[in-house]
Amino acid sequence: MSLGQEAAELDARDPLAGKRAEFDLDPQLAYLDGNSLGAPPRTVAARMDEVVRKQWAGRLIRSWDEGWWDAPQRIGDRIAPLVGAAPGQVVVGDSTSVNLFKVLVAAVRLNPGRPEIVVDATTFPTDGYVAESAARLTGHEIRRVTPAEMPAAVSERTAAALVNHVDYRSGRLHDLPGITAGLHAAGALAVWDLCHSVGAVPVELDAAGVDLAVGCTYKFLNGGPGAPAFCYVPVRWQERFDQPLPGWAGHADPFGMSEEYTGKAGIGRARAGTPDILSMLALDAALDVWADVSIAQVREKALSLGDFFLRCLDELVPAAEVLTPRDHASRGNQLSVRWPDAQHVMAAMAESDIIGDFRPPDVLRFGLAALYTRYGDVLRAARFLSGWPG
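Nothing here was measured: the structure is a model prediction, and the numbers come from that model.

The subject of this paragraph is the overall build of the protein. Helix and strand counts for the protein come out as 13 helices and 13 strands. Taking 390 residues into account, the globule formula puts the C-alpha radius of gyration at 21 Å, and the protein, at 22 Å, falls close to it. Dimensions of the protein along its principal axes, counting C-alpha atoms only, are 70 × 55 × 35 Å. When each of the 390 residues of the protein is scored for burial, the buried share is 56%. Considering only residue pairs separated by 6 or more positions, the protein has 72% of its internal contacts joining residues 24 or more positions apart. One finds the centroid of the 37 positive side-chain charges in the protein at a distance of 1 Å from the centroid of its 49 negative side-chain charges.

Here it is as structure tokens:
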């Protein structure tokens, strides 16, 4: 059987094949960049029309009391099952960077007397910038360590460690339960960045005993460009969660206009300013695609897509250097390939309706968003690379 025949057969048998119709995607487009910006679910445009015309224009300020004000917690509870969290522990709002600043400062306040913050040495640059700023604010030192080395590297000096669940360059999936347990053995708190794993791989925050976590919603959750991020604070830490941005939305009585700050009970104390309602409710609509699908189904298909993509590359582009681990336990839902002149190549692919992305200086990234990516899409990408320059 040829690769083309196999791709057609796999797509025909795919139990998630019908989900692509729920997204506003050109049938001819191979969209392999859901790890950077998810595709728009068709429900979003209609919902936004309702929000603007009926809620904003029709109900005006009354809408704050008719669902807007509580949206951060309500939508957080919709995300909670996707990260293995019980209700009341996830809140949506602000950006990933802002939320990361909140939880890092809160983490070291929860674990006083320890002078250092350990940071994933392979982290997305912004995480490093935020960690450096949080360290300056709180008088801590920063030490950079790879995720695999963290359990052995932390000590009684370590207040908290910041780790990425999936490496944004290589697509490597790190051992969240094992690393968390190793950090706890040294008395350090585990803070996880889930940007490249939420909506892509199973995440079990409660079961693993993760202390704090953040994640974005515009990648595999398809919330739209700049969609609000989320913050996870388990019940055991909520009463003592002391974040550095105590805005009015996190106040126990936000409309009391008190000069003194008293944080809300529960996850609401992780809120800061006025919620960004338009993008918040666009995300709410985007989450509807999860109504009849589980993260386990998504993961199963994504691994199958990755296995097929790897076989296509091995057969058609044997010289390609794949940076992503091949074993399922160490692989997220993207494949990264080192390629000369990667930026030029990816631009040429986009001209042929095959959209991925690249990271300097020479990495091609292909996101395998199982809700809409087809086996034929990854075959097209491999065939393009096999003919380059063509």
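Still more ground to cover, so stick around.
Looking now at the sheet that holds strand S13 (residues 363-367). The sheet built from four strands is open, its strands ordered S9-S10-S13-S12 with antiparallel pairing. Of all the strands in the sheet, just strand S9 (321-322) and strand S12 (357-359) have a single pairing partner and so form its edges. In the sheet, S9 pairs with strand S10 (residues 334-338) via two bridges, with the strands oriented antiparallel. Along S10, the bridge assignment pairs Val-322 with Val-337.

Once that is clear, we can look at the UniProt feature "modified residue: N6-(pyridoxal phosphate)lysine" (unreviewed entry) in the protein. Taking the UniProt record as the reference, the feature "modified residue: N6-(pyridoxal phosphate)lysine" (unreviewed entry) is found at Lys-219. Topologically, Lys-219 is positioned in the loop between strand S7 (212-215) and strand S8 (230-232). With a relative accessible area of 9%, Lys-219 lands in the buried category. Among all residues touching Lys-219, those that are not within four sequence positions of it are Gly-34, Asn-35, Ser-36, Leu-37, Gly-38, Cys-195 and His-196.

In the structure shown here, the tally under the stated rule is 26 salt bridges. The residue Arg-47 makes a salt bridge to Asp-288 at a minimum N-O spacing of 2.4 Å. Taken together, the residues Arg-47 in helix H2 (residues 43-59) and Asp-288 in the loop between helix H10 (277-286) and helix H11 (295-316) connect sequence positions 241 residues apart. Taking the relative accessible area as the measure of exposure, Arg-47 reaches 25% and is therefore partly exposed. Between Asp-284 and Arg-74 there is a salt bridge, and its shortest N-O distance comes to 2.9 Å. Here the residue Asp-284 occupies a position in helix H10, and Arg-74 occupies one in helix H3 (residues 71-79), the gap between them amounting to 210 residues. The class for Asp-284 is buried, based on a relative accessible area of 7%.

With that settled, the discussion passes to unusual backbone geometry. Excluding glycine, most residues fall at negative phi; most peptide bonds, likewise, are trans. Look at the link from Pro-360 to Pro-361: it is a cis peptide, with omega at 0°. Relative to the assigned elements, Pro-361 resides in the loop between S12 and S13. Trp-388 connects to Pro-389 through a cis peptide bond whose omega is -10°. Its place among the elements puts Pro-389 in the segment after helix H13 (375-386). Within the chain, Asp-94 stands out as a residue other than glycine whose phi angle is a positive 65°. When its relative accessible area of 27% is taken as the criterion, Asp-94 is described as partly exposed. The residue Met-257 is not glycine, and still its phi comes out positive at about 55°. Tracing the backbone shows Met-257 in the loop between helix H9 (235-238) and H10.

Cut-offs used in this document
- Residues numbered from 1 in each chain as written.
- Predicted model: local features only at pLDDT ≥ 70, side-chain atom pairs only at ≥ 80, totals over all residues.
- Heavy atoms only, no water.
- Helix = DSSP H or I, 4+ residues; strand = E, 2+ residues; numbered from the N terminus.
- Rg over C-alpha atoms; globule rule 2.2 N^0.38 Å.
- Buried < 20%, exposed > 50% of the residue type's maximum accessible area, 1.4 Å probe, protein only.
- Contact = heavy atoms within 4.5 Å.
- Lys, Arg positive; Asp, Glu negative; His and termini not counted.
- Charge placed at Lys NZ, Arg CZ, Asp CG, Glu CD.
- Pairing = 2+ DSSP bridges.
- UniProt positions renumbered as here; feature names shortened; annotations may be inferred.
- Salt bridge = Lys/Arg side-chain N within 4 Å of Asp/Glu carboxyl O.

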